[in-house]
Amino acid sequence: MRNICKKAADCFGCGVCASVCTSGAVSMEPDREGFLYPVIDEALCTDCGRCTLVCPSGHRPAVMSEVSYYAFRCKDETILSDSTSGGAFSLIALKILEKGGLVCGAVFDDSFEVVHVLSDEISSMRKAKYVQSRTADCFGKIKEALTSGIPVLFSGTPCQCMAVRLFFPDSESLYTASLVCRGVMSPKLWDEYRSFLERKGTLNAFCFRDKRKPDDAHTVAFRIDDTEYAGDFIKNPLCRIYARELPLRPSCYSCPFTFAEKDFDFTLGDFWGVENAFPDLADGKGTSLVITCGNKADGLFTELSESADIRETEKERILQPALVSPARATMLRKFLFRDLCTTGPDGHCDMKLILRKYGS
């Protein structure tokens, strides 16, 4: 039995292989680090090859020559404050909804796991999640919508966008919004961190990028029972571990999508260096980077001109690490996951030790 990917480190965990399998032979199962990988039931597999045909690891992303770069600031202060950066995702999504469409994006479910859902309600899709989401359940729902003539906007990491594009290669009603991504955090680490927080009570809310201060959403905020906690992003030990690129999926360290001219309708992220490019926008409220590719994206983007402050710029002004090269793995990653996978009598790792050891 062949593997879907040539090696495990090539797998993005997108789940498209499980969704395209008509015999139910492929399931997505977590490994010891908490990342999902395909497992093939040889008794059910018909060796049809559909899974390998749609696997993003077997397709090199196209480098496009005709793309445009923008700084973007939503004029609606409520949407702006509820967004991680400048509200670009929200306005693009709202425009799709106006056209009778649906949006597929990452949300926290009731257990604070990160999952992709297809919905006409986008408020929970706003804000960065950083944890790798489960997407396999959304492919069938997107197919049903597109087959019914309903436009769909899919927002996710570049590898997830590639998986969706490969699953629906000829759909003119599908829009892809690729996030500027530096890598996805282990769901196992996130689960253990949540369990650690809940020693004090029930976790009711969590936001990696809160905008209560004019600091470009560099505040982490969460609520346990009736008590709220807030602090600088880089001072939160879990966020420091993430910023050090330690808890990422193995494929993130060889990511093939770390360039600006990707073949997706939109690429969205924070506009780094806005203070140099557009000093008047450097007020801490957040500014989005938007890269458009193709007539379909340009046409929709033009419709947003009255709702946002949009300024075209040059490629040199928008570059940031995630658009230049992949994250770098170090020996500390090995030690982090060794400690994460070492559990005590209660079935949990020593999260206090991990946060002190790798996040201080």
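Peer 1: Mind showing me how you'd approach the overall build of the protein chain here?
Peer 2: Counting its secondary structure elements, the protein chain contains 13 helices and 13 strands. At 20 Å, the protein chain has a C-alpha radius of gyration in line with the 21 Å of a compact globule built from 360 residues. Within the protein chain, the proportion of its 360 residues that are buried is 52%. Of the contacts made within the protein chain by residues no fewer than 6 positions apart, 67% connect residues no fewer than 24 positions apart. Entry remark: accessible area of the protein chain is about 16400 Å², with carbon and sulfur atoms responsible for 50%.

Peer 1: Even after reading the chapter, I still don't get the pairing of strand β3 (residues 67-74), so can you show me in this structure?
Peer 2: In regular strands, side chains alternate between the two faces of the sheet. For β3, the tally of buried residues reaches eight of eight residues, placing the bulk of the element in the interior. Judged by which residues are buried, β3 turns out to be covered on both faces: V67, Y69, A71 and R73 on one side and S68, Y70, F72 and C74 on the other are all buried. Strand direction decides the pairing type here: β3 and strand β12 (residues 288-293), joined by six bridges, are antiparallel. Across the sheet, the residue bridging to F72 is S288, located in β12. Here β3 pairs with strand β13 (residues 308-313) via six bridges, running antiparallel. The partner of Y70 across the bridge, within β13, is E312.

Peer 1: How should I be thinking about the pattern of salt bridges in this particular structure?
Peer 2: It is possible for side chains bearing opposite charge to pair when their charged atoms get close. One pass over the full model with this rule turns up 22 salt bridges. A salt bridge links D263 to R165; the nearest nitrogen and oxygen atoms lie 3.0 Å apart. Here D263, found in the loop between α8 (237-243) and β11 (266-270), pairs with R165, found in helix α6 (residues 158-167); they are 98 residues apart in sequence, far enough to count as distant. Taking the relative accessible area as the measure of exposure, D263 reaches 27% and is therefore partly exposed. The partner of R338 in a salt bridge is D339, with the nearest N and O atoms 3.4 Å apart. Under the relative-accessibility criterion, D339 is labelled buried at 12%. Here the residues in one salt-bridge network are K95, E98, K99 and E303, joined through shared partners.

Peer 1: Would you mind showing me how to read the nonpolar core here?
Peer 2: The tendency in soluble globular proteins is for nonpolar side chains to be buried as a group. By size, the foremost hydrophobic cluster in this structure holds 48 residues, and its most contacted members are W190, F206 and F208. Setting aside residues no more than four positions away along its own chain, W190 makes contact with F108, F112, V131, M185, F206, F208 and L238.

Peer 1: Honestly, the state of the cysteines in this entry has me stumped. Any pointers?
Peer 2: A complete count under the given rule lists zero disulfides for this structure. Just so you know, C51 is unpaired, no disulfide at all, and the nearest cysteine sulfur is the one on C48, 6.3 Å from it. Its relative accessible area of 9% is what places C51 among the buried residues.

Peer 1: Whenever I open this one, the environment of K143 confuses me. Can you help?
Peer 2: The residue K143 is located in helix α5 (residues 138-147) in this model. The exposure class of K143 is partly exposed, given its relative accessible area of 49%. Between the C-alpha atom of K143 and that of I318, which follows or precedes it by 175 residues, the distance is 34 Å. If we skip the residues at most four places from it in the chain, K143 touches F167 and F168.

Peer 1: Where do I start with the packing of aromatic side chains in this structure?
Peer 2: Aromatic ring pairs are reported here in terms of the distance separating the ring centres and the angle at which the planes meet. Scanning the model with the defined rule gives 21 aromatic pairs in all. Look at F108 and F112: their rings are 5.7 Å apart centre to centre, the planes differ by 55°, and that puts the pair in the tilted class. Ring geometry for F108 against W190: centres 5.8 Å apart, planes inclined by 25°, an arrangement best described as stacked. In this pair, F108 sits in strand β4 (residues 102-108) while W190 sits in helix α7 (residues 187-197), placing the two residues 82 residues apart along the sequence. Put simply, the rings of F108, F112, Y130, W190, Y193, F206, F208, F222, Y229, F233 and Y242 touch in pairs and so form one group of aromatic residues.

Peer 1: Help me understand the sheet that holds strand β8 (residues 203-210) in this model?
Peer 2: The strands making up a sheet associate through backbone hydrogen bonding, with each pair oriented either parallel or antiparallel. Read across the open sheet, the three strands follow the order β8-β9-β10; overall the sheet is antiparallel. A single partner strand is all that each edge strand has here, and the edge strands are β8 and β10 (227-232). Here the average twist between neighbouring strands, direction ignored, is 10°. Here β8 pairs with strand β9 (residues 219-224) via five bridges, running antiparallel. Considered in β9, the bridge of C207 is made with A221. The sheet strands contacting α7 are β8 and β9, and the helix crosses β8 at an angle near 125°.

Peer 1: In this structure, what is going on with the sheet that holds strand β5 (residues 114-119)? I would like to understand it.
Peer 2: Across the sheet, eight strands lie side by side as β5-β4-β6-β7-β11-β12-β3-β13; this open sheet has mixed pairing. Of all the strands in the sheet, the pair left with one neighbour each is β5 and β13. Sheet twist, expressed as the average angle between the axes of neighbouring strands with direction ignored, equals 25°.

Peer 1: What am I meant to see in a nonpolar patch on the surface here?
Peer 2: The grouping of M331, L332 and F335 at the surface amounts to a nonpolar patch, some 270 Å² of accessible area in total. We classify F335 as partly exposed; its relative accessible area is 30%.

Peer 1: Explain the layout of surface pockets to me, please; I cannot follow it from the model alone.
Peer 2: Rolling a probe over the atoms, with the probe sized like a water molecule, indicates the empty space that remains. A volume near 400 Å³ is recorded for the second largest pocket. The wall of the second largest pocket is formed by 21 residues, among which R165, P169, D263, F264 and D265 lie closest to the centre. Counting only elements with at least two residues in the lining of the second largest pocket, the list comes to α6 and α10 (295-302). When residues of the lining of the second largest pocket are assigned to their parent elements, the largest contribution, three residues, is made by α6. Taken together, the residues of the lining of the second largest pocket break down into ten nonpolar, four polar and seven charged.

What counts and how
- Residues numbered from 1 in each chain as written.
- Predicted model: local features only at pLDDT ≥ 70, side-chain atom pairs only at ≥ 80, totals over all residues.
- Heavy atoms only, no water.
- Helix = DSSP H or I, 4+ residues; strand = E, 2+ residues; numbered from the N terminus.
- Rg over C-alpha atoms; globule rule 2.2 N^0.38 Å.
- Buried < 20%, exposed > 50% of the residue type's maximum accessible area, 1.4 Å probe, protein only.
- Contact = heavy atoms within 4.5 Å.
- Areas by Shrake-Rupley, 256 points an atom, 1.4 Å probe, with all protein chains shown as cover.
- Pairing = 2+ DSSP bridges.
- Salt bridge = Lys/Arg side-chain N within 4 Å of Asp/Glu carboxyl O.
- Core = buried A, V, L, I, M, F, W, Y, C linked by side-chain atoms within 4.5 Å.
- Disulfide = S-S within 2.5 Å.
- Phe/Tyr/Trp six-rings, centres within 6.5 Å; stacked < 30°, edge-to-face > 60°.
- Axes fitted to C-alpha atoms, helices over the stretch in contact; angles between N-to-C directions.
- Patch = residues over 30% accessible without salt bridge, like charges linked within 9 Å, V, L, I, M, F, W, Y side chains within 5 Å.
- 1 Å grid on protein atoms, 1.4 Å probe; cavity = no way out; pocket = protein on both sides within 12 Å on 5 of 7 lines; lining within 4 Å.
- Points joined across faces, edges and corners; volume = space filled by probe spheres on them.
- Nonpolar A, V, L, I, M, F, W, Y, C, P; charged D, E, K, R; others polar.

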